[in-house]
Amino acid sequence: MAATAKGKWFDRIVLIIFENTNYTDAIANSYLKEITTRPNGVLLSEYYAVEHPSEPNYIAQIAGSTYGILDDENYDIDDETLVDLLEKKGVSWKCYMEDYRKLYARKHNPFFSFTPITKNATRCAKVVNANRLDDDIKNNQVPQLVYYVPNQNNNAHDTNISYASAWFKNWLEPKLKMTSFTHKTLFFTVFDESANDNDTVNHIYASLLGDPVTKDNYHNDTTHYTHYSFLRTVEDNWDLGSLNRNDSSATPFSLYLNEQH
Ligand SMILES: *[C@@H]1O[C@H](CO)[C@@H](O)[C@H](O)[C@H]1NC(C)=O
Ligand SMILES: *[C@@H]1O[C@H](CO)[C@@H](O)[C@H](O)[C@H]1NC(C)=O
Ligand SMILES: *[C@@H]1O[C@H](CO)[C@@H](O)[C@H](O)[C@H]1NC(C)=O
Ligand SMILES: *[C@@H]1O[C@H](CO)[C@@H](O)[C@H](O)[C@H]1NC(C)=O
Ligand SMILES: *[C@@H]1O[C@H](CO)[C@@H](O)[C@H](O)[C@H]1NC(C)=O
Ligand SMILES: *[C@@H]1O[C@H](CO)[C@@H](O)[C@H](O)[C@H]1NC(C)=O
(Lines give C-alpha, C1' and ligand atoms only; values in the text may rest on other atoms or scores of the structure.)
(Ligands and ions follow the chains in the order given, each with its own letter.)
Protein backbone atom coordinates (compact mmCIF):
# COMPACT_ATOMS: atom_id res chain seq x y z
CA MET A 1 0.00 0.00 0.00
CA ALA A 2 1.66 3.19 -1.15
CA ALA A 3 0.99 6.40 0.80
CA THR A 4 -2.53 7.59 0.01
CA ALA A 5 -3.92 10.21 2.42
CA LYS A 6 -2.17 13.51 1.73
CA GLY A 7 -0.92 15.27 4.85
CA LYS A 8 -0.53 18.95 5.68
CA TRP A 9 3.24 18.60 6.31
CA PHE A 10 4.14 14.97 5.47
CA ASP A 11 2.68 11.84 3.92
CA ARG A 12 4.43 9.49 6.32
CA ILE A 13 5.78 9.69 9.87
CA VAL A 14 8.25 7.21 11.34
CA LEU A 15 8.53 7.28 15.13
CA ILE A 16 11.56 5.53 16.66
CA ILE A 17 11.51 5.32 20.43
CA PHE A 18 14.49 4.79 22.76
CA GLU A 19 14.58 4.22 26.51
CA ASN A 20 15.50 5.70 29.84
CA THR A 21 17.92 8.52 29.02
CA ASN A 22 17.68 12.18 29.96
CA TYR A 23 18.17 15.07 27.53
CA THR A 24 21.67 15.91 28.78
CA ASP A 25 22.97 12.39 28.24
CA ALA A 26 21.27 11.99 24.83
CA ILE A 27 22.39 15.31 23.32
CA ALA A 28 25.95 14.56 24.50
CA ASN A 29 25.92 11.61 22.10
CA SER A 30 27.64 12.60 18.87
CA TYR A 31 25.28 10.85 16.45
CA LEU A 32 22.07 12.00 18.14
CA LYS A 33 23.45 15.53 18.18
CA GLU A 34 24.71 15.37 14.58
CA ILE A 35 21.36 14.40 13.04
CA THR A 36 19.84 17.55 14.55
CA THR A 37 22.41 19.77 12.80
CA ARG A 38 21.62 18.58 9.26
CA PRO A 39 19.81 21.04 6.97
CA ASN A 40 16.70 18.82 7.19
CA GLY A 41 17.01 18.19 10.95
CA VAL A 42 15.31 19.82 13.94
CA LEU A 43 16.24 19.55 17.60
CA LEU A 44 13.16 19.73 19.84
CA SER A 45 15.19 21.02 22.77
CA GLU A 46 12.29 21.48 25.21
CA TYR A 47 10.58 18.09 24.98
CA TYR A 48 9.30 16.44 28.16
CA ALA A 49 8.10 12.97 28.98
CA VAL A 50 4.82 12.85 30.91
CA GLU A 51 5.37 10.22 33.61
CA HIS A 52 7.54 7.46 35.06
CA PRO A 53 8.07 4.56 34.44
CA SER A 54 8.03 3.61 30.73
CA GLU A 55 4.56 2.34 29.98
CA PRO A 56 2.42 5.44 30.63
CA ASN A 57 4.65 7.40 28.23
CA TYR A 58 4.04 4.97 25.39
CA ILE A 59 0.32 4.94 26.14
CA ALA A 60 0.22 8.75 26.20
CA GLN A 61 1.66 8.91 22.69
CA ILE A 62 -1.19 6.98 21.09
CA ALA A 63 -4.05 7.78 23.49
CA GLY A 64 -3.56 11.29 24.89
CA SER A 65 -3.70 10.20 28.50
CA THR A 66 -1.75 8.03 30.90
CA TYR A 67 -4.99 6.78 32.49
CA GLY A 68 -3.24 7.30 35.82
CA ILE A 69 -0.91 4.36 35.12
CA LEU A 70 2.24 4.52 37.25
CA ASP A 71 3.79 1.12 36.52
CA ASP A 72 4.62 -1.30 33.70
CA GLU A 73 1.83 -3.83 34.32
CA ASN A 74 -0.53 -5.19 31.64
CA TYR A 75 -3.67 -3.13 31.12
CA ASP A 76 -6.74 -3.72 28.96
CA ILE A 77 -8.20 -0.27 28.39
CA ASP A 78 -11.49 -0.10 26.53
CA ASP A 79 -11.05 3.25 24.81
CA GLU A 80 -10.40 4.82 21.42
CA THR A 81 -6.83 5.59 20.40
CA LEU A 82 -5.01 7.22 17.53
CA VAL A 83 -5.69 4.00 15.60
CA ASP A 84 -9.43 4.77 15.46
CA LEU A 85 -8.75 8.30 14.20
CA LEU A 86 -6.30 7.08 11.55
CA GLU A 87 -8.60 4.34 10.27
CA LYS A 88 -11.57 6.72 9.97
CA LYS A 89 -9.50 8.83 7.57
CA GLY A 90 -7.93 5.90 5.73
CA VAL A 91 -4.40 6.52 7.00
CA SER A 92 -2.49 3.23 7.20
CA TRP A 93 -0.42 2.32 10.26
CA LYS A 94 1.75 -0.45 11.66
CA CYS A 95 3.73 -1.03 14.82
CA TYR A 96 7.08 -2.69 14.11
CA MET A 97 8.48 -4.42 17.21
CA GLU A 98 12.01 -5.80 17.10
CA ASP A 99 12.39 -9.42 18.24
CA TYR A 100 8.66 -9.58 18.79
CA ARG A 101 7.95 -11.78 21.83
CA LYS A 102 11.67 -12.51 22.46
CA LEU A 103 13.82 -9.48 23.36
CA TYR A 104 10.45 -7.74 23.37
CA ALA A 105 8.59 -6.02 26.21
CA ARG A 106 4.83 -5.66 26.17
CA LYS A 107 5.17 -2.50 28.26
CA HIS A 108 6.83 -0.92 25.20
CA ASN A 109 3.93 -1.88 22.91
CA PRO A 110 1.16 0.59 23.76
CA PHE A 111 -1.20 -0.84 21.14
CA PHE A 112 -1.75 -4.00 23.20
CA SER A 113 -3.01 -2.02 26.21
CA PHE A 114 -6.24 -1.24 24.33
CA THR A 115 -9.03 -3.78 23.81
CA PRO A 116 -10.39 -2.14 20.61
CA ILE A 117 -7.04 -3.29 19.17
CA THR A 118 -6.41 -6.58 21.02
CA LYS A 119 -9.93 -7.85 20.36
CA ASN A 120 -9.70 -7.03 16.65
CA ALA A 121 -7.65 -9.50 14.58
CA THR A 122 -7.25 -7.06 11.67
CA ARG A 123 -5.70 -4.52 14.00
CA CYS A 124 -3.55 -7.07 15.85
CA ALA A 125 -2.11 -8.07 12.49
CA LYS A 126 -0.70 -4.55 12.15
CA VAL A 127 1.59 -5.12 15.12
CA VAL A 128 4.41 -7.03 13.46
CA ASN A 129 7.95 -8.17 13.90
CA ALA A 130 10.24 -5.38 12.78
CA ASN A 131 12.09 -7.66 10.39
CA ARG A 132 9.09 -7.09 8.09
CA LEU A 133 10.10 -3.47 7.49
CA ASP A 134 12.80 -4.25 4.91
CA ASP A 135 10.29 -6.19 2.79
CA ASP A 136 7.67 -3.48 3.21
CA ILE A 137 10.19 -0.90 1.98
CA LYS A 138 11.23 -3.10 -0.96
CA ASN A 139 7.59 -3.67 -1.94
CA ASN A 140 6.65 -0.02 -1.42
CA GLN A 141 4.17 -1.09 1.27
CA VAL A 142 5.32 0.92 4.26
CA PRO A 143 2.25 2.41 5.96
CA GLN A 144 1.81 6.13 6.58
CA LEU A 145 2.32 5.88 10.33
CA VAL A 146 5.22 3.69 11.45
CA TYR A 147 5.66 3.14 15.20
CA TYR A 148 9.10 1.49 15.48
CA VAL A 149 10.23 -0.07 18.76
CA PRO A 150 13.85 -1.30 18.87
CA ASN A 151 14.58 -4.34 21.05
CA GLN A 152 15.78 -4.10 24.66
CA ASN A 153 19.42 -3.81 23.58
CA ASN A 154 19.01 -1.46 20.64
CA ASN A 155 16.70 0.90 22.57
CA ALA A 156 19.33 1.39 25.35
CA HIS A 157 17.12 -0.27 27.97
CA ASP A 158 19.54 -3.12 28.68
CA THR A 159 22.62 -1.35 27.28
CA ASN A 160 23.54 2.34 27.09
CA ILE A 161 23.30 5.32 24.77
CA SER A 162 26.55 4.56 22.89
CA TYR A 163 25.32 1.10 22.02
CA ALA A 164 21.87 2.33 21.01
CA SER A 165 23.16 5.20 18.88
CA ALA A 166 25.61 2.91 17.06
CA TRP A 167 22.72 0.59 16.29
CA PHE A 168 20.54 3.53 15.23
CA LYS A 169 23.15 4.92 12.83
CA ASN A 170 23.39 1.51 11.12
CA TRP A 171 19.62 1.28 10.94
CA LEU A 172 18.87 4.80 9.78
CA GLU A 173 21.63 5.80 7.37
CA PRO A 174 20.91 3.16 4.68
CA LYS A 175 17.20 3.96 4.92
CA LEU A 176 17.82 7.67 4.33
CA LYS A 177 19.19 6.68 0.91
CA MET A 178 15.98 4.84 -0.07
CA THR A 179 14.12 7.65 -1.76
CA SER A 180 10.80 5.84 -2.20
CA PHE A 181 10.74 5.42 1.59
CA THR A 182 12.00 8.88 2.56
CA HIS A 183 9.83 10.80 0.08
CA LYS A 184 7.62 13.18 2.14
CA THR A 185 8.55 11.15 5.25
CA LEU A 186 9.24 12.71 8.64
CA PHE A 187 11.47 10.72 11.01
CA PHE A 188 10.70 11.44 14.66
CA THR A 189 13.29 10.16 17.13
CA VAL A 190 12.37 10.23 20.80
CA PHE A 191 12.97 8.63 24.20
CA ASP A 192 10.24 7.43 26.53
CA GLU A 193 11.46 9.04 29.79
CA SER A 194 14.58 10.06 31.67
CA ALA A 195 16.45 7.34 33.53
CA ASN A 196 15.85 8.43 37.10
CA ASP A 197 12.30 7.84 38.32
CA ASN A 198 12.77 10.63 40.87
CA ASP A 199 13.36 13.15 38.08
CA THR A 200 9.98 14.87 37.88
CA VAL A 201 11.23 17.32 35.21
CA ASN A 202 11.62 14.40 32.76
CA HIS A 203 13.39 16.42 30.05
CA ILE A 204 14.21 14.10 27.14
CA TYR A 205 15.72 14.21 23.65
CA ALA A 206 13.52 14.43 20.57
CA SER A 207 14.36 15.33 16.99
CA LEU A 208 12.88 15.54 13.51
CA LEU A 209 14.58 14.66 10.24
CA GLY A 210 13.54 14.47 6.62
CA ASP A 211 11.96 15.96 3.50
CA PRO A 212 9.18 17.91 5.30
CA VAL A 213 11.67 20.04 7.27
CA THR A 214 12.34 23.58 6.01
CA LYS A 215 15.83 23.47 4.43
CA ASP A 216 17.63 26.12 6.37
CA ASN A 217 20.22 26.78 9.00
CA TYR A 218 20.44 24.95 12.32
CA HIS A 219 16.95 24.37 13.74
CA ASN A 220 16.63 24.45 17.51
CA ASP A 221 12.93 24.45 18.27
CA THR A 222 12.49 25.56 21.89
CA THR A 223 8.70 25.17 21.95
CA HIS A 224 7.51 23.20 24.99
CA TYR A 225 6.52 19.75 23.73
CA THR A 226 5.43 16.49 25.34
CA HIS A 227 4.38 13.02 24.08
CA TYR A 228 0.94 14.57 23.53
CA SER A 229 2.52 16.85 20.93
CA PHE A 230 3.38 13.82 18.78
CA LEU A 231 -0.27 12.77 18.86
CA ARG A 232 -1.36 16.31 18.06
CA THR A 233 1.09 16.53 15.13
CA VAL A 234 -0.35 13.37 13.57
CA GLU A 235 -3.93 14.54 14.16
CA ASP A 236 -3.32 17.95 12.60
CA ASN A 237 -1.33 16.55 9.70
CA TRP A 238 -4.18 14.38 8.44
CA ASP A 239 -7.04 16.45 9.87
CA LEU A 240 -8.06 13.50 12.05
CA GLY A 241 -9.94 15.40 14.72
CA SER A 242 -9.10 14.84 18.37
CA LEU A 243 -9.36 12.25 21.11
CA ASN A 244 -10.27 15.25 23.32
CA ARG A 245 -7.77 14.31 26.01
CA ASN A 246 -4.37 15.92 26.55
CA ASP A 247 -3.97 16.09 22.78
CA SER A 248 -6.44 19.02 22.70
CA SER A 249 -4.09 21.47 24.40
CA ALA A 250 -0.82 20.11 22.93
CA THR A 251 1.22 21.98 20.30
CA PRO A 252 2.17 20.22 17.03
CA PHE A 253 5.81 20.19 15.82
CA SER A 254 5.00 22.59 12.99
CA LEU A 255 7.56 25.39 13.50
CA TYR A 256 10.11 24.11 10.96
CA LEU A 257 7.85 21.99 8.74
CA ASN A 258 6.82 23.10 5.26
CA GLU A 259 3.16 22.90 4.34
CA GLN A 260 2.64 20.71 1.27
CA HIS A 261 0.84 22.16 -1.70
C1 LIG B 1 21.09 12.95 33.51
O2 LIG B 1 21.47 11.64 33.88
C3 LIG B 1 22.80 11.54 34.38
C4 LIG B 1 23.06 10.09 34.68
O5 LIG B 1 23.03 9.32 33.53
C6 LIG B 1 22.92 12.38 35.63
O7 LIG B 1 24.26 12.36 36.08
C8 LIG B 1 22.52 13.80 35.34
O9 LIG B 1 22.50 14.55 36.55
C10 LIG B 1 21.12 13.85 34.71
N11 LIG B 1 20.83 15.22 34.32
C12 LIG B 1 19.69 15.81 34.62
C13 LIG B 1 19.56 17.22 34.16
O14 LIG B 1 18.81 15.24 35.23
C1 LIG C 1 -11.48 -4.04 13.25
O2 LIG C 1 -10.53 -3.21 12.62
C3 LIG C 1 -10.83 -2.88 11.28
C4 LIG C 1 -9.72 -2.04 10.69
O5 LIG C 1 -8.47 -2.44 11.06
C6 LIG C 1 -12.12 -2.12 11.22
O7 LIG C 1 -12.44 -1.87 9.85
C8 LIG C 1 -13.23 -2.92 11.86
O9 LIG C 1 -14.38 -2.14 11.93
C10 LIG C 1 -12.84 -3.32 13.29
N11 LIG C 1 -13.86 -4.18 13.85
C12 LIG C 1 -14.49 -3.90 14.97
C13 LIG C 1 -15.48 -4.89 15.42
O14 LIG C 1 -14.24 -2.88 15.61
C1 LIG D 1 27.78 0.27 26.55
O2 LIG D 1 27.21 -1.01 26.36
C3 LIG D 1 28.02 -1.87 25.57
C4 LIG D 1 27.23 -3.13 25.31
O5 LIG D 1 26.37 -3.46 26.36
C6 LIG D 1 29.32 -2.13 26.32
O7 LIG D 1 30.15 -2.96 25.55
C8 LIG D 1 30.02 -0.80 26.57
O9 LIG D 1 31.17 -1.00 27.38
C10 LIG D 1 29.09 0.18 27.31
N11 LIG D 1 29.73 1.48 27.38
C12 LIG D 1 29.69 2.22 28.47
C13 LIG D 1 30.34 3.56 28.36
O14 LIG D 1 29.16 1.84 29.51
C1 LIG E 1 14.56 8.05 44.52
O2 LIG E 1 14.01 8.50 45.74
C3 LIG E 1 13.85 7.48 46.70
C4 LIG E 1 13.07 8.06 47.90
O5 LIG E 1 13.58 9.32 48.22
C6 LIG E 1 15.23 6.95 47.08
O7 LIG E 1 15.09 5.90 48.02
C8 LIG E 1 15.91 6.41 45.83
O9 LIG E 1 17.22 6.02 46.12
C10 LIG E 1 15.95 7.47 44.75
N11 LIG E 1 16.44 6.87 43.51
C12 LIG E 1 17.37 7.43 42.76
C13 LIG E 1 17.75 6.67 41.53
O14 LIG E 1 17.87 8.49 43.02
C1 LIG F 1 18.61 25.72 21.94
O2 LIG F 1 18.17 27.04 22.20
C3 LIG F 1 18.11 27.38 23.60
C4 LIG F 1 17.48 28.78 23.71
O5 LIG F 1 18.18 29.67 22.91
C6 LIG F 1 19.50 27.31 24.18
O7 LIG F 1 19.44 27.60 25.56
C8 LIG F 1 20.04 25.92 23.97
O9 LIG F 1 21.41 25.87 24.42
C10 LIG F 1 20.02 25.51 22.50
N11 LIG F 1 20.42 24.13 22.42
C12 LIG F 1 21.22 23.68 21.48
C13 LIG F 1 21.66 22.25 21.61
O14 LIG F 1 21.58 24.34 20.52
C1 LIG G 1 -4.03 14.00 30.81
O2 LIG G 1 -2.99 13.21 31.31
C3 LIG G 1 -3.01 13.08 32.72
C4 LIG G 1 -1.79 12.35 33.14
O5 LIG G 1 -0.66 12.74 32.43
C6 LIG G 1 -4.24 12.34 33.14
O7 LIG G 1 -4.29 12.26 34.53
C8 LIG G 1 -5.45 13.07 32.64
O9 LIG G 1 -6.57 12.30 32.91
C10 LIG G 1 -5.34 13.32 31.16
N11 LIG G 1 -6.41 14.16 30.75
C12 LIG G 1 -7.33 13.74 29.93
C13 LIG G 1 -8.38 14.75 29.56
O14 LIG G 1 -7.32 12.62 29.43
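Before going into details, it helps to say that this report is about the structure given with it. None of the values given here were measured: they were computed from a predicted structure.

The rules behind these values
- Residues numbered from 1 in each chain as written.
- Chains lettered and ligands numbered in written order.
- Predicted model: local features only at pLDDT ≥ 70, side-chain atom pairs only at ≥ 80, totals over all residues.
- Heavy atoms only, no water.
- Near = heavy atom within 4 Å.
- Polar contact = N/O pair within 3.5 Å; in protein donor to acceptor, adjacent residues only side chain to side chain.
- Areas by Shrake-Rupley, 256 points an atom, 1.4 Å probe, with all protein chains shown as cover.
- Nonpolar A, V, L, I, M, F, W, Y, C, P; charged D, E, K, R; others polar.
- Pairing = 2+ DSSP bridges.
- Helix = DSSP H or I, 4+ residues; strand = E, 2+ residues; numbered from the N terminus.

What follows covers the site of ligand 2. Around ligand 2 sit Glu87, Asn120, Thr122, Arg123 and Lys126, and that is every residue in its neighbourhood. Between ligand 2 and the protein, one listed contact pairs an oxygen atom with a side-chain N or O atom of Glu87 at 3.0 Å. Arg123 has a polar side-chain atom sitting 3.5 Å from an oxygen atom of ligand 2. Contact with the protein chains covers 39% of the free accessible surface of ligand 2, which is 360 Å². When its residues are assigned to classes, the shell around ligand 2 shows no nonpolar, two polar and three charged.

Judged by pairing direction, the sheet is mixed, and its three strands sit side by side in the order E8-E3-E11 without closing on themselves. Only two strands of the sheet have a single partner each, and these edge strands are strand E8 (203-204) and strand E11 (225-226). As defined by bridge partners, strand E3 (residues 47-48) adjoins E8 across two bridges and the pair is classed as antiparallel. Counted as the bridge partner of Tyr47 is Ile204 from E8.

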